[in-house]
Amino acid sequence: MSNEAMNGFTVVHEKPHSFYGSYERKDELQHATHYCPGCGHGVVHKMLARAIDELGIQDRTILISPVGCSVFAYYYFDVGNVQAAHGRASAVATAVKRSRPESVVVSYQGDGDLTAIGSAEILHAANRGENVTVIFVNNAIYSMTGGQYAPTTLVGQKSTTTPGGRNPLNEGYPLHVCELLATLEAPVHIERVGLGDNKQIAQATRAIRRAVENQKRGLGFSLIEVLSPCPTIWKMTPVEAQHWVRDVMEKTYPLGVFKDRTKEAEPRPGRGEEPALEAVKGILGIAPGEGASAAVRNGVGGDVDLRVRVAGFGGQGVLLLGEVLAEAGLEAGLEVSWLPSYGPEMRSGTSNCHVRISKEAIDSPLVTTPNVLIAMNEPSLLKFDAHVQPGGWVIYNGDVFPKECVREDVHVLALPFTRIANELGDARMANMVMLGALLEITDALQQASVDAGLKRLVKSQRWYEMDERAMARGRALCREFLQGV
């Protein structure tokens, strides 16, 4: 209708401003939304968009949508949008809210997502009373993936994975999220509504607005469960599906308010003032003078880009070697990452770690092409040798370097480090002897930085002194090797 034609009339209903002006679809589907005819998502979308408009929070709202039909929300809401991995929306919402406390964060989740893979996330977010709003769309089935049974599927309800109907003896009973979360102390508002008829839809509209308003007021965690039709997967017409919500689904999931503390709830306190940068060292237990300024004190120069892979058996000190190296990098004021990886058996199982030390920001902690490989046994050498960057180094714990691992484009230092450590007093110091060799080869870190890092990790004075001797021996052996090359 043109503006001229509207003269004399009052607009009482229009498209919410929190929706995009147009919705992107494939060329042949430009005139359709992503949702099936009769789907409840479109109705819930409109309720949420109206609430955002009425509360004047469009520029502050961040919508978290995970895997499932709910993922399409970012095609419709003209707000901040973050897509989360399956089931992780509540955890992502927690992170977003804590990092941007002035925002209004809405986690928009389906029942397969929230009650199955995301059950731990929603439980603990509610138990912490996170100041977020959760819209939980429950259609009692996995819709997007073809209709498998979900934790919310009704007893006797058929699905592709329960063709004979859900049997409590095999699949358990339907999970009642509102009743479960209402037993927790922290949540402020827990309510279940439905889309079974116009009266239910009106109540759902009020509940969703109130849940969003609770967050705007800073009161804490609110969850609105919406019983929603799914005509396509239920194999019903839209009208039949709506009636099924009211006449069948509501018997298992009664509507109502299960927790309401909004009258007595006080706004949650803010996270407080962040500590000054100079106070962080004290909080972390780092003595004054240690840390970033050490880069200048220790005289680290030139470009530093260590990409180290340390590998061996569990119990050989693989992870400790990597930790000492990483702590030394921190002491020198460099950018550092340390990523451990080990098998199910801590002792005698496989173990390796990735260490990166650089003067530049580190984009990923993964070391796929190391420029230094420390292989503490032959299986580790066989596994990682081929990945070493041309021109890099392989430090191997063995008398003889295996012929099948020989490469012309890398440098190799092979010594019986375990036997050498045993001669020093304890075979378990082999990792520190090898670390000494690495430090001598790379010349990227001063010994003072390594000493400080080692002292933070090794509390026993006896072991600290033994490790120092082991590193010194490794350096000496490496110098002898390099002189002979």
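Attention here is on the structure that accompanies the text. Note that the structure is predicted; figures quoted are calculated from it, not measured.

**Some words on the overall build of the protein chain**
In terms of helices and strands, the protein chain carries 17 helices and 13 strands. Taking 485 residues into account, the globule formula puts the C-alpha radius of gyration at 23 Å, and the protein chain, at 30 Å, lies well above it. Each principal axis of the C-alpha distribution contributes one length, and for the protein chain these read about 95 × 55 × 50 Å. Looking at the protein chain residue by residue over its 485 residues, the buried ones come to 47%. Contacts in the protein chain between residues far apart in sequence, at least 24 positions, make up 64% of those at least 6 positions apart. Per element, the accessible surface of the protein chain, about 23,700 Å² overall, is 54% carbon and sulfur.

**Let's talk about the packing of helix α12 (residues 318–331) against helix α15 (residues 430–442)**
Relative orientation of the contacting elements α12 and α15 amounts to 40 degrees, with a least axis distance of 9 Å. The angle between the axes of α12 and α15 places the two elements in the oblique class. As for how α12 packs across α15, the hand of that crossing is right-handed. Along the contact surface, α12 presents Leu320, Leu321, Val324 and Leu325, while α15 presents Asn431, Met432, Met434, Leu435, Leu438 and Leu439. Among the residues making up the contact of α12 with α15, the classes are represented as 9 nonpolar, 1 polar and no charged.

**Digging into the packing of helix α2 (residues 89–99) against helix α4 (residues 119–128)**
It is at 8 Å that the axes of α2 and α4 come closest, and there the two elements cross at 35 degrees. Contact residues: Ser90, Ala91, Thr94 and Arg98 in α2; Glu121, Ile122, Ala125 and Arg128 in α4. A class-by-class count of the residues in the contact of α2 with α4 yields 3 nonpolar, 2 polar and 3 charged.

**Things to note about a nonpolar patch on the surface**
A contiguous nonpolar patch, built from Leu277, Val280, Ile283 and Leu284 and spanning about 440 Å² of accessible area, is present on the exposed surface. When you line up the elements, Val280 lands in helix α10 (residues 280–283).

**Here we look at the pairing of strand β10 (residues 350–358)**
Buried residues dominate β10, accounting for 8 of its 9 residues. Across 9 bridges, the pairing between strand β8 (residues 305–313) and β10 is antiparallel. The residue of β10 that forms the bridge with Gly312 is Ser351. Relative to β10, strand β9 (residues 335–342) runs antiparallel, the two sharing 8 bridges.

**What to know about the pairing of strand β4 (residues 133–138)**
Among the 6 residues in β4, 6 count as buried, and that is most of the element. One ladder, built from 5 bridges, connects strand β3 (residues 104–110) with β4; its direction is parallel. The residue bridging Ser107 from the neighbouring strand is Val134, located in β4.

**Remarks on α2**
Considered for burial, the residues of α2 that qualify are Ala89, Ser90, Ala93, Thr94, Val96 and Lys97. Looking at the packing, one finds that the buried side of α2 touches β1 (61–65), β3, α4 and α7 (198–216).

**A word on the sheet that holds strand β11 (residues 372–375)**
Strands in a sheet are paired, the pairing made by backbone hydrogen bonds, and the direction either parallel or antiparallel. Taken together, 6 strands build an open sheet; the order of strands is β9-β10-β8-β11-β12-β13 and the sheet is mixed. Taken across any chain shown, the strands that pair with only one partner, and hence form the sheet edges, are β9 and β13 (411–415). In this sheet, adjacent strand axes meet at a mean angle of 10 degrees when their direction is disregarded. Sheet topology note: the strand β12 (residues 393–397)/β13 ladder contains 5 bridges and is parallel.

**Description of the side chain of Arg309**
Note that Arg309 resides in strand β8. No salt bridge forms around the buried Arg309; measuring N to O, its nearest opposite-charge neighbour Asp385 is 12 Å away. Within the structure, the side chain of Arg309 is placed 3.1 Å from the side chain of Asn352, a separation counted as a polar contact. Beyond its immediate sequence surroundings of up to four residues, Arg309 is in contact with Asn352, Cys353, His354, Val367, Pro370, Val372, Leu373, Ile374 and Phe384.

**Some words on the pattern of salt bridges**
All told, the structure shown has 19 salt bridges when counted by the stated rule. Arg98 is paired through a salt bridge with Glu130; the nearest N and O atoms lie 2.6 Å apart. Placement of Arg98 in helix α2 and of Glu130 in the loop between α4 and β4 is noted, with a sequence separation of 32 residues between them. For Asp260, the salt bridge identified is with Arg210, shortest N-O distance 2.6 Å. You can see Asp260 sitting in strand β7 (residues 256–260) and its partner Arg210 sitting in helix α7, a full 50 residues away along the chain. In this structure Asp260 comes out as partly exposed when scored by relative accessible area, which is 35%.

**Comments concerning the packing of aromatic side chains**
Per the stated rule, a full pass over the model turns up 10 aromatic pairs. With 6.2 Å between their ring centres and 85 degrees between their planes, Phe19 and Tyr23 make a pair best called edge-to-face. For Phe19, a relative accessible area of 10% puts it in the buried group. Between Phe72 and Tyr75 the ring centres are 6.3 Å apart and the planes differ by 45 degrees, which places this aromatic pair in the tilted class. Relative accessible area serves as the criterion here: at 27%, Tyr75 is assigned to the partly exposed category. In this structure an aromatic cluster arises from ring pairing among Phe19, Tyr23, Tyr35, Phe72, Tyr74, Tyr75, Tyr76 and Phe77.

**Some remarks on α15**
With 13 residues, α15 ought to run about 18 Å at 1.5 Å a step, and its terminal C-alpha atoms sit 19 Å apart, in line with that. The element α15 is largely enclosed, with a buried count of 11 among its 13 residues. When we look at burial in α15, the residues that qualify are Ala430, Asn431, Met432, Val433, Met434, Leu435, Gly436, Ala437, Leu438, Leu439 and Ile441. Phi for Asp443, located one or two positions after α15, is positive at around 55 degrees.

Basis of the calculations
Residues numbered from 1 in each chain as written. Predicted model: local features only at pLDDT ≥ 70, side-chain atom pairs only at ≥ 80, totals over all residues. Heavy atoms only, no water. Helix = DSSP H or I, 4+ residues; strand = E, 2+ residues; numbered from the N terminus. Rg over C-alpha atoms; globule rule 2.2 N^0.38 Å. Buried < 20%, exposed > 50% of the residue type's maximum accessible area, 1.4 Å probe, protein only. Contact = heavy atoms within 4.5 Å. Areas by Shrake-Rupley, 256 points an atom, 1.4 Å probe, with all protein chains shown as cover. Axes fitted to C-alpha atoms, helices over the stretch in contact; angles between N-to-C directions. Parallel < 35°, antiparallel > 145°, perpendicular 65-115°, else oblique. Left-handed = near helix turned anticlockwise from the far one by under 90°. Nonpolar A, V, L, I, M, F, W, Y, C, P; charged D, E, K, R; others polar. Patch = residues over 30% accessible without salt bridge, like charges linked within 9 Å, V, L, I, M, F, W, Y side chains within 5 Å. Salt bridge = Lys/Arg side-chain N within 4 Å of Asp/Glu carboxyl O. Pairing = 2+ DSSP bridges. Lys, Arg positive; Asp, Glu negative; His and termini not counted. Polar contact = N/O pair within 3.5 Å; in protein donor to acceptor, adjacent residues only side chain to side chain. Phe/Tyr/Trp six-rings, centres within 6.5 Å; stacked < 30°, edge-to-face > 60°. Expected span 1.5 Å × (residues − 1).

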